[in-house]
Amino acid sequence: MIKAQLEIQPIEEVQSLKSRTYEALKVAIGAMKIYDAGAELRLDERALSLQFGVSRTPLREALAQLEQEGLVRIAPRRGIFIVRKTKAEILEMITVWAALESMAARLATEVASDAEIARLHGLVDTFDSDAIEEHMGEYSDANIRFHAAIIALSGCKLIAEITNGLFTHVRGIRQRTIFERDRARRSIVDHKEIIEALETRNGERAERLVREHTLKLRQHVEQFVQLD
């Protein structure tokens, strides 16, 4: 099995190197499947410096900022490690996400345009629930974008900021579990119902459907996923 790894792009000197390095490394960590079995969580400072094309100083500053945010852990004389949350922490994060995204869905029924809501179809309608096994990788990415889109449609900057702090770990656990126990097929059905509620401007139903959908993920993790 191929181990999950960071995919690094060289840094261009457009803004401060520390800021650019921080953003690029955070994106790379966010895109990595950190909850996959055998994921490579240890970061090699020298290798990162070479891959980014920057010196150690801006890299260390970026890593220090990521450590403050809880995304990495710097262990003296041992190395730098991407942080994986415990199962209890993940369950709490999913619960908070369910509350925030469900409110975002309610707000979206009030402020999002018809065209903005209609674009959600592109993340759902191209997938056939009966043949989803043939497109699991594509659907996993579309699934992540669907939930991020609902947050964006709310127009609420604070909800966006809070969920951004949870995104790396909620995304990681969604990526790991979407292939398990027929979750992808059932996810497509749920997403179509959510879009219908948004299009009919039924805020109460949209809020309930999104909350229930995310809490299904929580239930799955609680029952079937081993993290600790």
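As a reminder, the structure under discussion sits directly above these lines.
Here's what I pulled together on the structure shown here. Source: prediction; values computed, not measured. (Residues numbered from 1 in each chain as written. Predicted model: local features only at pLDDT ≥ 70, side-chain atom pairs only at ≥ 80, totals over all residues. Heavy atoms only, no water.)

Overview of the pattern of salt bridges
- Considering all chains together, one arrives at 11 salt bridges under this definition.
- A salt bridge links E212 to R208; its shortest N-O distance comes to 3.5 Å. Of the two residues, E212 and R208 are both situated in helix 9 (residues 203-224); the distance of 4 residues between them amounts to about one turn of the helix.
- Overlapping salt bridges, with partners in common, bring together E45, R56 and R60 in one network. (Salt bridge = Lys/Arg side-chain N within 4 Å of Asp/Glu carboxyl O. Helix = DSSP H or I, 4+ residues; strand = E, 2+ residues; numbered from the N terminus.)

Observations regarding the environment of T177
- For T177, the position within the fold is in helix 7 (residues 157-177).
- Looking at T177, the relative accessible area reads 0%, which means it is buried.
- Linking T177 and E193, residues 16 residues apart in sequence, is a C-alpha distance of 21 Å.
- Every residue in contact with T177, bar those within four places of it in the chain, is listed here: R183, L217, H220, V221 and V225. (Buried < 20%, exposed > 50% of the residue type's maximum accessible area, 1.4 Å probe, protein only. Contact = heavy atoms within 4.5 Å.)

Points about the sheet that holds strand 3 (residues 79-82)
- Strand order in the open sheet formed by 3 strands is 1-3-2, with antiparallel pairing between adjacent strands. The sheet is open, and its two borders are formed by strand 1 (42-43) and strand 2 (72-75), each paired with just one other strand.
- With 2 bridges joining them, strand 1 and strand 3 adopt antiparallel strand pairing. Bridge pairing in strand 3 places L43 opposite I80.
- Where helix 3 (residues 56-68) meets the sheet, it contacts strand 1, strand 2 and strand 3, and its direction lies at approximately 115° from that of strand 2. (Pairing = 2+ DSSP bridges. Axes fitted to C-alpha atoms, helices over the stretch in contact; angles between N-to-C directions.)

Details of the packing of helix 4 (residues 87-111) against helix 6 (residues 136-153)
- At a minimum axis separation of 7 Å, helix 4 and helix 6 run at an interaxial angle of 55°. One way to sum up the angle between helix 4 and helix 6 is to call them oblique. The handedness of the crossing between helix 4 and helix 6 is left-handed. Mapping the contact onto sequence places W97, E101, A104, A105, A108 and V111 in helix 4 and H147, I150, I151 and L153 in helix 6.
- For the contact of helix 4 with helix 6, the residue count by class is 8 nonpolar, 1 polar and 1 charged. (Parallel < 35°, antiparallel > 145°, perpendicular 65-115°, else oblique. Left-handed = near helix turned anticlockwise from the far one by under 90°. Nonpolar A, V, L, I, M, F, W, Y, C, P; charged D, E, K, R; others polar.)

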